[in-house]
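# Working through the structure, step by step
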Amino acid sequence: VQLVVESGGGLVQTGGSLRLSCAASGSIFNIYRMAWYRQAPGKQRDLVAAITSGGSTDYADSVKGRFTISRDNAKNTVYLQMDSLKPEDTAVYYCHVSATSQLGVPNNHWGQGTQVTVSS
């Protein structure tokens, strides 16, 4: 059972926009952070943006001013609005969920990834 599901990837031209969505299962208890990472071929997986349950955000320098992360706590959903896309944004984008169990045990969950391709 996939507990974290991304959607919204695709092919877009340089300068275009895409909006990614990530829905976490309601069975994941006490989510305190949701984030987007990306991994290009042959490269490591890097943080793109993160948001806490309180609304604090963090962005990679390469996407500041172009990407916006937002969250709907009631729906356990996080969004990534990507504007002014560049070819170097091409990667598989992964959603990551940080949570704690009812006993306070940390647990982390990854989505299956969604491909974003920006053509020049």
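Located above this text is the structure these notes cover.
Here the residue numbers are simple positions, counted from 1 along each chain's written sequence. Owing to the predicted nature of the model, reporting of local features is limited to residues with pLDDT of at least 70; listing and counting of side-chain atom pairs is limited to 80 or more, with chain, interface and lining totals taken over all residues. Side-chain metrics in this entry use all non-hydrogen atoms of the structure; hydrogen atoms and water are not considered.

Right, let's get into the sheet that holds strand β8 (residues 77-82). The antiparallel open sheet is built from four strands, whose spatial order is β1-β3-β8-β7. In this open sheet, the two edge strands, each paired with only one partner strand, are β1 (4-7) and β7 (67-72). Here the average twist between neighbouring strands, direction ignored, is 15 degrees. Strand pairing is assigned whenever DSSP detects at least two bridges linking the two strands. For the purposes of this entry, the term helix denotes a DSSP run of H or I that reaches at least four residues, the term strand denotes a run of E that reaches at least two, and both are numbered from the N terminus. Bridge count for strand β3 (residues 18-24) against β8 is six bridges, and the pairing is antiparallel. Across the sheet, L18 pairs through a bridge with M82, a residue of β8. Only the stretch in contact is used when a helix axis is fitted, and all axes are lines through C-alpha atoms; the angle between N-to-C directions ranges over 0 to 180 degrees.

Okay, the pairing of strand β9 (residues 91-100) next. Each residue is placed in one exposure class: buried if its accessible area under a 1.4 Å probe, protein chains only, is under 20% of its type's maximum, exposed if it is over 50%, and partly exposed if it falls in between. In terms of burial, β9 is largely enclosed, as nine of its ten residues are buried. Taken together, the eight bridges between strand β4 (residues 31-39) and β9 define a ladder with antiparallel strand orientation. In the sheet register, I31 faces β9, and the bridge partner there is A99. Pairing between β9 and strand β10 (residues 106-110): five bridges, direction antiparallel. The residue of β10 that forms the bridge with T100 is P106. Between β9 and the antiparallel strand that follows it, β10, lie five residues; G104 among them carries a positive phi value of about 85 degrees.

So, about the environment of S25. Within the fold, S25 resides in the loop between β3 and β4. Note on S25: relative accessible area 23%, which makes it partly exposed. Sequence separation between S25 and G8 is 17 residues, and the spatial gap between their C-alpha atoms is 18 Å. Any two residues having at least one pair of non-hydrogen atoms within 4.5 Å are treated as being in contact. Leaving out residues up to four positions away in the same chain, S25 has contacts with L3 and N76. Between N or O atoms, a polar contact is any pair within 3.5 Å; within protein, one atom must be a potential hydrogen donor and the other a potential acceptor, and residues adjacent in sequence are included only when both atoms are from side chains. Within the local environment of S25, its side chain forms a polar contact with the side chain of S27, the two groups lying 2.8 Å apart.

Our next topic: the state of the cysteines. In plain terms, two cysteine sulfur atoms within 2.5 Å form what is called a disulfide here. This structure, assessed with the given rule, holds one disulfide. Note on cysteine connectivity: C22 is disulfide-linked to C95, with sulfurs 2.0 Å apart. Residues C22 and C95 share a disulfide whose torsion about the S-S bond is about -80 degrees; that sign makes it left-handed. Separated by 73 residues along the polypeptide, C22 in strand β3 and C95 in strand β9 bring together distant segments of the chain.

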